[in-house]
Amino acid sequence: QVQLVESGGGLVQAGGSLRLSCAASGRTLSSYTMGWFRQIPGKEREFVADISWSYGIIFYSESVKGRFTISRDNAKNTVYLQMNSLKPEDTAVYYCAASRTGHSTTPGNFGSWGQGTQVTVSS
């Protein structure tokens, strides 16, 4: 199990940028895939992006591809989500998650979750 803490959420205007951080505890994350999901009240939790810690293999959802960038800092045990060209429909609570089973768009395949950080994009 991994403990995850998100930060960096806030209010931003449409077209602006925001960077989310997820600090992870643990001896090593080399066997993990780290993911970002988001959720609007009343809607299903949605996959955003993930990255394999060892190899840096990245997947994005269609809705964010070209606008968001996921990355990792091995020394800091931190994964980032750089969000550019933000749209009002990006407004959601964003969650960091960790999986031992590789890339997946399914929340249930991620065994560890952060508390979430609110991102609000105004028009």
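One can find the structure itself at the top, above this paragraph.
Residues numbered from 1 in each chain as written. Predicted model: local features only at pLDDT ≥ 70, side-chain atom pairs only at ≥ 80, totals over all residues. Heavy atoms only, no water.

S.K.: Looking at this structure, I do not really get the packing of aromatic side chains. What am I missing?
M.R.: Pairs of aromatic rings are described using the distance from one ring centre to the other and the angle between the two planes. On inspection of all chains with the given rule, the structure shows 5 aromatic pairs. Ring-pair connections join several aromatic residues into one group, and the members of that group are Phe37, Phe47, Tyr95, Phe110 and Trp113. Here Arg45 stacks its cationic end above the ring of Tyr95, 4.0 Å away from the centre of that ring. A cation over an aromatic ring shows up here: Arg45 above the ring of Trp113, its NZ or CZ 4.7 Å from the ring centre. (Phe/Tyr/Trp six-rings, centres within 6.5 Å; stacked < 30°, edge-to-face > 60°. Lys NZ or Arg CZ within 6 Å of the ring centre and 35° of its normal.)

S.K.: What am I meant to see in the pattern of salt bridges here?
M.R.: Between side chains of opposite charge, a pair can form when the charged atoms approach closely. Scanning the entire structure with this criterion turns up 3 salt bridges. Here Glu46 makes a salt bridge to Arg38, at a shortest N to O gap of 3.0 Å. Between Arg67 and Asp90 there is a salt bridge; the shortest N-O distance is 2.7 Å. In this pair, Arg67 is assigned in the loop between strand S6 (58-60) and strand S7 (68-73) and Asp90 in the loop between strand S8 (78-83) and strand S9 (92-99), connecting sequence segments 23 residues apart. Relative accessible area serves as the criterion here: at 12%, Arg67 is assigned to the buried category. For Asp90, a relative accessible area of 1% gives the class buried. (Salt bridge = Lys/Arg side-chain N within 4 Å of Asp/Glu carboxyl O. Helix = DSSP H or I, 4+ residues; strand = E, 2+ residues; numbered from the N terminus. Buried < 20%, exposed > 50% of the residue type's maximum accessible area, 1.4 Å probe, protein only.)

S.K.: Looking at this structure, I do not really get the nonpolar core. What am I missing?
M.R.: Taken as a class, soluble globular proteins show a tendency for nonpolar side chains to be buried jointly. If you look at the biggest cluster of nonpolar residues, it comprises 28 residues, and the most contacted ones within it are Met34, Trp36, Val79, Leu81, Met83 and Tyr94. Those elements giving two or more residues to this core turn out to be strand S3 (18-24), strand S4 (33-39), strand S5 (46-52), S7, S8, S9 and strand S11 (117-122). With residues near it in sequence (within four places) discarded, Met83 still touches Gly16, Ser17, Leu18, Leu20, Arg67, Phe68, Tyr94 and Val119. (Core = buried A, V, L, I, M, F, W, Y, C linked by side-chain atoms within 4.5 Å. Contact = heavy atoms within 4.5 Å.)

S.K.: Looking at this model, I keep getting lost on the side chain of Ser61. Mind explaining?
M.R.: Its location among the elements puts Ser61 in the loop between S6 and S7. Setting aside chain neighbours within four positions, we find Ser61 in contact with Phe47 and Val48.

S.K.: Please explain the state of the cysteines as it appears in this structure.
M.R.: Covalent bonding between the sulfur atoms of two cysteines defines a disulfide. Considering all chains together, one arrives at 1 disulfide under this definition. Each sulfur of the disulfide joining Cys22 and Cys96 lies 2.1 Å from the other. Every disulfide takes its handedness from the sign of the S-S torsion; for Cys22 and Cys96 that torsion is -80°, giving left-handed. Of this pair, Cys22 sits in strand S3 while Cys96 is found in strand S9, placing the two residues 74 residues apart along the sequence. Judged by relative accessible area, Cys96 falls into the buried class, the value being 0%. (Disulfide = S-S within 2.5 Å.)

S.K.: Help me out: how do you make sense of a nonpolar patch on the surface in this one?
M.R.: On the surface, a cluster of nonpolar side chains totalling about 360 Å² of accessible area is made up of Tyr55, Ile57 and Phe59. Note on placement: Tyr55 falls in the loop between S5 and S6. (Patch = residues over 30% accessible without salt bridge, like charges linked within 9 Å, V, L, I, M, F, W, Y side chains within 5 Å. Areas by Shrake-Rupley, 256 points an atom, 1.4 Å probe, with all protein chains shown as cover.)

S.K.: Any chance you could explain the sheet that holds S8 here in plain terms?
M.R.: Neighbouring strands of a sheet are bound in pairs by backbone hydrogen bonds; such pairs are parallel or else antiparallel. Strand order in the open sheet formed by 4 strands is S1-S3-S8-S7, with antiparallel pairing between adjacent strands. Unpaired on one side and paired on the other, strand S1 (4-7) and S7 mark the two borders of the sheet. Averaged over neighbouring strand pairs, the angle between their axes works out to 15° when direction is ignored. Examined bridge by bridge, S3 and S8 share 6 bridges and lie antiparallel to one another. Residue pairing across strands places Ala23 opposite Thr78, the latter belonging to S8. (Pairing = 2+ DSSP bridges. Axes fitted to C-alpha atoms, helices over the stretch in contact; angles between N-to-C directions.)

No statement about biological role is implied by the geometric values presented.
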